[in-house]
Structure formats: structure tokens, C-alpha cells
Amino acid sequence: MYRPLLESEGVFEEWDLASSEYEENDHEDEDTEEEMWNIYNIKESTKLLGNEEKKYSDAEQSTEEKVKYPKSVFFIVGNEFCERFSYYGMKAILILYLHNQLKFSEDTSTVIYHVWAMLCYFTPILGAIIADSWLGRFKTIFYISIIYVLGNAVLSISAVSPIFTDLTIEKVITFLGLLLIALGTGGIKPCVSAFGGDQFVLPQQEKQLTQFFFVFYFSINAGSLLSTFITPILRDDVQCFGDDCYSLAFGVPAILMFIALLILVLGYVARLYKIVPPQGTILKEVSGCIREALRKKRKTHVRKKHWLDHAKEKYGEELVADVKVLLKVLVLYIPLPFFWALFDQQGSRWTFQATRMDGTIGSWTLKPDQMQVVNPLLILLMIPLFDRVVYPLLGYCNLLKRQLPRMFTGGVLAGVAFIVSGCLELQLEQTYPTAISSGHSRVTLINTLPCKVIATPSWADDTISMTQYQYDQSKDISIRSENGMLLNEFKVEVNFTAGNCGNIVGKADPYKIILQEKTAHVVLITADGNATGIVVNVDPPDDIEKSSSGLPKLRMLYNVEVDKIDSQVFLDGDIENYKFNFTNINSTKGFVVSGTEYQEVEPDSYDIFLADKLLGKIDVKLGGVYDFLVQRNLSSDNQETYQDIGLFVVTEPNSIHMLWLIPQYFIITASEIMFSITGLEFSFTQAPVSMKSVLQAAWLLTVSFGNLIVVIIAEAKFFERQSMEFFLFAALMFVDMVLFAFLAVRYKYVDEIKAENDSTKEIPKDSGKVNEAFSKDETKL
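First, a word on what this report is: a plain description of the structure on this page. (Residues numbered from 1 in each chain as written. Predicted model: local features only at pLDDT ≥ 70, side-chain atom pairs only at ≥ 80, totals over all residues. Heavy atoms only, no water.)

Points about the pairing of strand S22 (residues 646-651)
With respect to burial, S22 is a largely interior element, five of its six residues being buried. Taken together, the five bridges between strand S21 (residues 625-631) and S22 define a ladder with antiparallel strand orientation. Among the inter-strand pairings, phenylalanine 628 is bridged to a residue of S22, identified as leucine 647. (Buried < 20%, exposed > 50% of the residue type's maximum accessible area, 1.4 Å probe, protein only. Helix = DSSP H or I, 4+ residues; strand = E, 2+ residues; numbered from the N terminus. Pairing = 2+ DSSP bridges.)

Structure, rendered in C-alpha cells:
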């Protein structure tokens, strides 16, 4: 979750180095002053003040001068909080929206999610170029925020299903909204923090600037923390059009983004902002320098010490030297995308993994998409822990004292997190329904008669004894003959004691059952209108797959008389109420035995009502697939009464708790602190100040390319099992870290190079004073 922007930090580095202490020593000799600026590679002036820029050496810029704290930053922080709430709120539920409402498969939903994330981290380059070259930061934020608001509105409208008669149109509108949001969030990403930095006067307000960045960072994580917790509640606990309320869950972030735009405008209307005009982008000069060097290298046979030296004539020695250092850092960026490939799967693969787990905590149910709140929460807790405890202890043991070893360790931890998620997935696979293979079928045989029955199906070797509401599941029935032909017709013989089975007076001959390949049949042993025992293969058959949302799936089986059905069956729960309608009631036999389609319901205890009559109570749990039975009373001749409700488990509910995801979240968060935050620190300290905006673009591109890696692997479908894909990502991460280690050991830090240069300088023989007390004669003082 922690992805601060390099530009703002880069500006802060530039300000920090031009400190008041240096200004107070302005009377010292010019050689010392020039040496200091050469060491830090910083120009003597800053462009933050636009066309009327002032040098830090100006007399009036004393640190003793009191400058009012800029009120404009409160508007900027408020704008950032609302924007981050909007972004992370819609991002938290996006993967489930693609899968559950737009009906994409898990793999396709993952691909769409990461393509969108890739765009979100590619478009900041466009936003930076627009701000630096044409519009300036404020106008860029304002105009692109309008696009952002429109994108959120379009996405919210796309989730209102009744508007669209065609699912394809709904998908197109959704993609349009996501594109606009990617342009919006990416376009303003490189501008907001830097715009906040523009509001301070330096060097007088260096301390206040530091405080601003702390508050700014806190607003980012506060917005993401709250929205990641709240929007899943809006999605799941509110019903819209008979289903999860994605329109509301997307609508609230859209409102927050509109408020963000409104806050930005209010600060402008109040004339509080200090607006710096655009002053060009270094990206253009860097790319031009590289092109010029390559062009001249191809055209000339003159050998240079470094190929970039060919561009010195046009771009100058200073820029060429900066680009050389920049390229050394960028070489180390090559392995970085793999980290983001793993890290960003918290919102896709790990969320799908959570849907197959049990989130029940007492009377409260933790939702799968709410697990994403763990990362920002742990970030806020663990950054001070690492800063004050972990790193000092490691330093005391002389371990991980430099940035590159820390980044290597962080990358390894990311791979370990995916090993943990893969091992957890192996345990979850044991709870998944067993797929029905080709040439096989599955039958659930349910006894609904008020007595013990002995069933002898032709697909089984032994008889099956069942009392009322007992059931037997035959999960692997071969329906292929020895010569390879498919067999459809099977027989079931039922025996019970007539006269000792309620009002059932007899039974028919062995019943013929038609079984279909790769189908989960449910067969009821029940009675017809003449109180004769029968066997009915219920249509439609069972659906053994768990719901993609993680909620229980429930449907109604029934044996009722047609002329008695004039109402619906209601489920009355503590969280939500549901209703089931009878179907196929145009039966000519006077009664009907059938079943409804499945509904996703909340995990809860439900009272079952037919009209105003309480029939019974059932309990359903997360991830389970259930059938419940409504049947006329077979124990007496009174057709006005119904039997107690029977509940039958088609697929077992989730049994592994969702909190078992916390270990992998903890490890990936520790990995983020050691890899991402340390990587930013490394970039700031190693690259020239003039190159920090270029590093910002490169850093965001690594995030973009990381999401592209996920898209490629998800589309390739190397494995059927998700656990194997997790292990593949872990293995690739370890290989990636080997490459990173190879590059890191060859890298020399800036301070190491400086120390080498200082050690090679000749000390003049006549420099310094003669120690008159020294004598070659050891006896002489």
C-alpha cells in the first residue's frame, strides 16, 4: 500500500540540502562554498518560486524570518484523503464485481484487474509530462480530476443491472469507466504531493514541510484503510435489485471523488494556493541525451570512455554525468517488476482465495474483500517497529545495514509469502468439491418417507438403508460400459414396510433413473398423490460448485399438491430475508416434485414459512451448497399440513478460517517495507537530484510491468491448480532475487565512490604546518 511519490521526496531532498546552516556560513571563502555544491550536485537556486525565483543566498531568506503556515495544505490533504478513499474503495471490490456480476471467470477477471492496474501506473508518466510541460500542477490536477469523477460515475452506472438488457453493453460501459479512472488516478498521482510541497517557503519552513509529508502519507493510508473496510459492507450488506449492491459500493467512492474535486476548487476560490508555472520536464532532456549519444556512436569511429560521452557537445558534461548515474540505478530496477507481480495479487488471487474460507467471527462475518484492509493496517503498525526496533537490532548484529541487502531480503520474503499462500491453498483444495469426470455421474439419494427404507440402486454393489431425511451420496458412478458406450438408464429398487410408513400404502415396481454424464443428480424417495412410494429424479440437478462470492448457495426441493399452492416460501433470517417460488406447477398429476434454482444467501439461521405457517428452521454456513425440502405431510391423511423441513448438504461449507490469511499478509507487508520503502530510499540517495523525476517515472513503470507479468501468467494457464501457480510465482521471485543479487554486488554506492576519489587525491607536500616537536632522532623532543 505504501507507494510515496519520488518527485515530492526528491524536491524535499533538494530543499533539505540547501539548509540554513549553509546560508549562515555564506561569508566563508568561495572555494569551500563551491566544493559543497559540487558534492551534493545541486544548483544554487530553486525553481519552486517560478519566474521570480530567489537564491538561498538572498539575505532576506533567513531562518529566523517567520512565515505563516500555508492554509492551502489542509485542502490538499483533504483532497488526497478523499481521492485515496475513492480509489482503494472501488479497487477492493472490483475483482468480485468482474467475476460475480459481469460473469467473467476467475482467470479472466484477474487479467482484467491487472491490465487496469497496469494502466493506473503507466498513466502517471503522461500526467507528469502534462504538468511539467504545459498546464502546471494545479490545472493538471483539476482537469484530470474531472475525468476521474466521470469515470467513477460511469462505473457506478454500469453496476445498475436493470438499466442494461444486454450483459455485453454493461461490460463495455464498465471498461469505459475503468479506463477513465485509470487516466484520472494516474494523471494526478505525480502532481498532488509535489503541489503540496510548492506551498512552503524554503528554507524557512523545512520542518513544516517534513510534517506535511507525514500528514500527507497518513491521509493516504487512512483513506485506503477506511474504504477497504467500508465498501465491502456496502456491497454485501445492502441489497440492490435482488443482489449485492455494487452500484452503491461504487457510488460512494464516486461521491468521495467529487468531494475531493470540490475541496480542490474551494482552495482555489479562496485564493490560498501558490501556483508554480510549468518549467519543463527533465524526461525530455534525458531521452534526448540518450538518443544523441546513440546516434553519434553509430556515426563516428572515435572511441569514448563511456558511450554517453558522445552527447557532451550538445547536452553538456553535467547532464551527461547525471544520466550515467541514472542508468546505473535503472539497471538495478530490472528485477523490480516481479515484486509488484506478487504484491498486487492481494486484490485478485488472494481475494478469490478468501472467498473459499470461513469468515465467521462470533455473530459477525468477515467479508473476503475486507481482508485487503490487513495490509494498510499492518503498514501503519510495522513501519515504526522496523524503524525503531528491527533495523537497529539487525545493525547491532552487523546485518542488513545497506539498502540493497534489505531489498534482497524483502524480495525473498515476498516469495516466502507466496509459499505460505500456496501451502494454504493445498489445505483449501481438500475442502473443494470433487469435480465429476467424463464418463461418470453423481447421485444424491434422499429418503423423504416417514419410515426406514432399503434402497438397491443398480449402480451400487450394496443396499442402502436410510431413515427419514437421511441421504446417501454416490460421487463417482461410472456410466460407461465395457465397450466404451455411455449408459443412461439405471434402476432403483425401494423396499419398506407398508402400513408402518405413515399413510403410504404401497410401492411401485423398480424405478428407472436416467443419469447424465458429469451431472450431479438428486433423487427423492417420496410418494405420489395416491400415497404410493415413488422415486423422482429432480430437475434441475444439483450444482456442486461453491459460490464465487463465498456465500452459501441454497435451493428448495418440494413435493406439493398443485391446488394447494397459492403462496411463496419465505426464509426469515437475522441479516436478510429471501423467498422461493414454486415452479412446474402446471402438473396434470395433481402434485409436483421438483426443485428451484440456487440463490446465494447470507450465512445465518432461517425460519421457513409457507404463507404464515412456520415449517421449520435451517442453518447455512459460508461456502456450503444446500438443498432444503418442503413436502406435504406423508404421516397422515391431512393434506393441509406439511412435514418438518429437511436440509441436505450438497457441498460442505468452508472449514478453514479466513484469519489464516494473516501470516501471508504479515510477510508480504514486511517484504513491502524492506523492498519498496528501502528501494525508494536507495533511489533518492544514489541518483542526482536532477534525475529524481525520471526515477519516479521508472519506479511507477516497474509497478505497471509487474501487473503485466500477472496478466501473462494468468493467460498462459500453466496449471489447473491455484496452489501450483502460487508456487510458480514464489520460484520466479527467488530466481529474480538471484539476478538482483548479481547486479547488487557489482554496484558501488555513491559514498563508496566518493571515499575512493578522496583517497586517491594527492596531498601537497607544502600544505599544513610543520610540527616542530618532531625529530627523526627518537631521543630528541
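Looking at the sheet that holds strand S7 (residues 464-466)
The four strands lie next to each other as S7-S6-S9-S11, forming an open sheet whose pairing is antiparallel. A strand with exactly one partner marks an edge of an open sheet, and here the two such strands are S7 and strand S11 (511-514). Each strand axis lies, on average, 30° off the axis of its neighbour in the sheet, ignoring direction. In the sheet, strand S6 (residues 453-457) pairs with strand S9 (residues 489-495) via four bridges, with the strands oriented antiparallel. Following the sheet pairing, proline 457 is matched in S9 by valine 492. (Axes fitted to C-alpha atoms, helices over the stretch in contact; angles between N-to-C directions.)

Things to note about the pairing of strand S5 (residues 440-447)
Across the eight residues of S5, seven count as buried, placing the element largely inside the fold. Across six bridges, the pairing between S5 and strand S8 (residues 471-478) is antiparallel. Note on S8: the bridge partner recorded for isoleucine 446 is tyrosine 471. Pairing of S5 with strand S12 (residues 520-527), which is carried by six bridges, proceeds in the parallel orientation. Paired with threonine 444 across the bridge in S12 is valine 522.

Let's talk about the environment of methionine 466
Among the structural elements, methionine 466 can be located in strand S7. A C-alpha to C-alpha distance of 9.5 Å links methionine 466 and threonine 448, two positions 18 residues apart in sequence. Dropping the residues within four chain positions of it, methionine 466 is found in contact with Leu445, Asn447, Cys451, Lys452, Val453, Ala455, Tyr471, Asp472 and Ile525. (Contact = heavy atoms within 4.5 Å.)

Brief notes about helix H18 (residues 662-686)
Its 25 residues give H18 an end-to-end C-alpha distance of 35 Å, which sits within 8% of 36 Å, the value for a rise of 1.5 Å per residue. Largest kink in H18: about 30°, centred on glutamate 672. (Expected span 1.5 Å × (residues − 1). Bend = angle between axes of the 7 residues up to and from the residue.)

Notes on the packing of aromatic side chains
With the rule as written, the count across this model stands at 39 aromatic pairs. Ring centres of tyrosine 471 and phenylalanine 648 lie 5.6 Å apart, and the angle between their planes is 85°; on these two criteria the pair is classed as edge-to-face. In this pair, tyrosine 471 is assigned in strand S8 and phenylalanine 648 in strand S22, connecting sequence segments 177 residues apart. Overall, tyrosine 471 belongs to the partly exposed group, its relative accessible area being 32%. Aromatic rings pair up to connect Tyr69, Phe74, Phe200, Phe212, Phe213 and Phe216 into one cluster. (Phe/Tyr/Trp six-rings, centres within 6.5 Å; stacked < 30°, edge-to-face > 60°.)

Description of unusual backbone geometry
Proline 203 follows leucine 202 through a cis peptide bond whose omega is 10°. Its location among the elements puts proline 203 in the loop between helix H9 (192-197) and helix H10 (206-237). Residue proline 540 is bonded to the preceding aspartate 539 through a cis peptide linkage, with omega at 5°. In this structure, asparagine 398 is a non-glycine residue whose phi angle is positive, near 60°. When you line up the elements, asparagine 398 lands in the loop between helix H16 (374-396) and helix H17 (403-429). Of note in this structure, tyrosine 469 is not a glycine but carries a positive phi near 70°. Within the secondary structure, tyrosine 469 is located in the loop between S7 and S8. A residue is classified by how much of its surface remains accessible, and tyrosine 469, at 19% relative accessible area, is buried.

Here's the deal with the pattern of salt bridges
Scanning the model with the defined rule gives 23 salt bridges in all. Taking the shortest distance from any N to any O, the salt bridge between arginine 295 and glutamate 292 comes out at 2.9 Å. Taken together, the residues arginine 295 and glutamate 292, both in helix H12 (residues 282-299) and three residues apart, mark about one turn of the helix. Residue arginine 295 is classed as partly exposed on the basis of its relative accessible area, which comes to 32%. Ionic pairing is found between aspartate 542 and arginine 555, a salt bridge with its closest N-O pair at 2.7 Å. A residue pair is termed long-range when its members are at least 10 positions apart, and aspartate 542 in the loop between strand S13 (532-537) and strand S14 (553-561) and arginine 555 in strand S14 qualify at 13 residues. Each member of the pair, aspartate 542 as well as arginine 555, carries the same accessibility label: buried. Each member of the salt-bridge network shares a partner with another, and the members are Arg235, Asp236, Asp237, Asp244, Lys367 and Asp369. (Salt bridge = Lys/Arg side-chain N within 4 Å of Asp/Glu carboxyl O.)

Topic: the state of the cysteines
By definition, a disulfide links the sulfur atoms of two cysteine residues through a covalent bond. Using the criterion set out here, one finds two disulfides in the structure. The partner cysteine of cysteine 240 in its disulfide is cysteine 245, sulfur to sulfur 1.7 Å. What sets the handedness of the cysteine 240 and cysteine 245 disulfide is the S-S torsion sign, and at about -60° it is left-handed. Between the sulfur atoms of cysteine 451 and its disulfide mate cysteine 501 the distance is 1.9 Å. Around the S-S axis, the bridge from cysteine 451 to cysteine 501 shows a dihedral of about -65° and counts as left-handed. With cysteine 451 in the loop between S5 and S6 and cysteine 501 in the loop between S9 and strand S10 (506-507), the pair connects residues that are 50 residues apart, well separated along the chain. You can call cysteine 501 buried: its relative accessible area is 0%. Described in terms of the sequence order of its bonded cysteines, the disulfide pattern of the protein is 1-2, 3-4. (Disulfide = S-S within 2.5 Å.)

Just geometry here; none of it tells us what the structure is for.
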